[in-house]
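Summary of the model geometry
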Amino acid sequence: MTFHCRLLTPERTLFEQEMASLSLPTEMGDITILPQHVALTSVLAPGIAHFVDTMGHEHELAVSNGFIEVVEGGAVTILANTAERGDELDMHVIEEAKKRAEEVMRQAIGRDDVSFAAAAAGLRRELARERLVMRHRARRQSSPESS
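Residues numbered from 1 in each chain as written. Predicted model: local features only at pLDDT ≥ 70, side-chain atom pairs only at ≥ 80, totals over all residues. Heavy atoms only, no water.

**Observations regarding the nonpolar core**
A general trend in soluble globular proteins is that nonpolar side chains are found buried together. Core analysis: the largest hydrophobic core is formed by 20 residues, its most contacted members being Cys5, Leu7, Leu22, Leu24, Phe51, Val76 and Ile78. For this core, the elements supplying multiple residues, two or more each, are strand S1 (3–8), strand S2 (13–26), strand S5 (47–53), strand S6 (58–63), strand S7 (66–70) and strand S8 (76–80). The element contributing the most residues to this core is S2, with five residues. (Core = buried A, V, L, I, M, F, W, Y, C linked by side-chain atoms within 4.5 Å. Buried < 20%, exposed > 50% of the residue type's maximum accessible area, 1.4 Å probe, protein only. Helix = DSSP H or I, 4+ residues; strand = E, 2+ residues; numbered from the N terminus.)

Here is the structure:
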């Protein structure tokens, strides 16, 4: 059994295909969606989304804030501000973004709650992107083709 899944960002549609399962980060923790899942709407949080396609291949994406909708019968729509594959990410860019977010957080402590919250959200996004790059590199190094 499978379900139809779409992942959209403001810039592009990352995919629209049948899936066997998916796990997504939400504000309340990770959720896993399987075929015949009950209807659900939730807030997507920064983190790593894990997808298993109909052939059993696993895919991971770094996602940021957005929304998840599961329609009765199982169709899933994910609207994310950003979604990126590990091979699309640059560790140097991530490190610079982390430093900027940490600096804004330091400057905003006790003065500007809105700036602090925005910087904290940005830091969570960069940490998820960093984890995905590390996983992607580890998989590439352990794959038979890299020998």
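**Some details on the side chain of Glu60**
Relative to the helices and strands, Glu60 resides in strand S6. Residue Glu60 is classed as buried on the basis of its relative accessible area, which comes to 14%. Here the side chain of Glu60 touches Arg135 through a polar contact of 2.6 Å, side chain to side chain. Apart from residues no more than four positions distant in its own chain, Glu60 is found in contact with Ile48, Ala49, His50, Arg85, Leu132, Arg135 and Arg139. (Polar contact = N/O pair within 3.5 Å; in protein donor to acceptor, adjacent residues only side chain to side chain. Contact = heavy atoms within 4.5 Å.)

**Quick notes on the packing of aromatic side chains**
Counted according to the given criterion, the structure contains one aromatic pair. On the basis of an interplanar angle of 85° and a centroid distance of 4.8 Å, the ring pair of Phe15 and Phe51 is categorised as edge-to-face. On the criterion of sequence distance, the pair formed by Phe15 in strand S2 and Phe51 in strand S5 is long-range, its members being 36 residues apart. (Phe/Tyr/Trp six-rings, centres within 6.5 Å; stacked < 30°, edge-to-face > 60°.)

**Things to note about the pattern of salt bridges**
Applying the stated rule across the entire model yields 11 salt bridges. In this structure, Glu126 and Arg125 form a salt bridge, with 3.1 Å as the shortest nitrogen-oxygen distance. Classification of Glu126 by relative accessible area gives buried; the value is 4%. The partly exposed category is assigned to Arg125, whose relative accessible area is 24%. Salt-bridge contacts for Glu126 lead to Arg129; the nearest nitrogen and oxygen are separated by 2.7 Å. Of the two residues, Glu126 and Arg129 are both situated in helix H2 (residues 113–142); the distance of three residues between them amounts to about one turn of the helix. Relative accessible area serves as the criterion here: at 8%, Arg129 is assigned to the buried category. Three or more residues are tied together by salt bridges with common partners; here these are Glu84, Arg125, Glu126 and Arg129. (Salt bridge = Lys/Arg side-chain N within 4 Å of Asp/Glu carboxyl O.)

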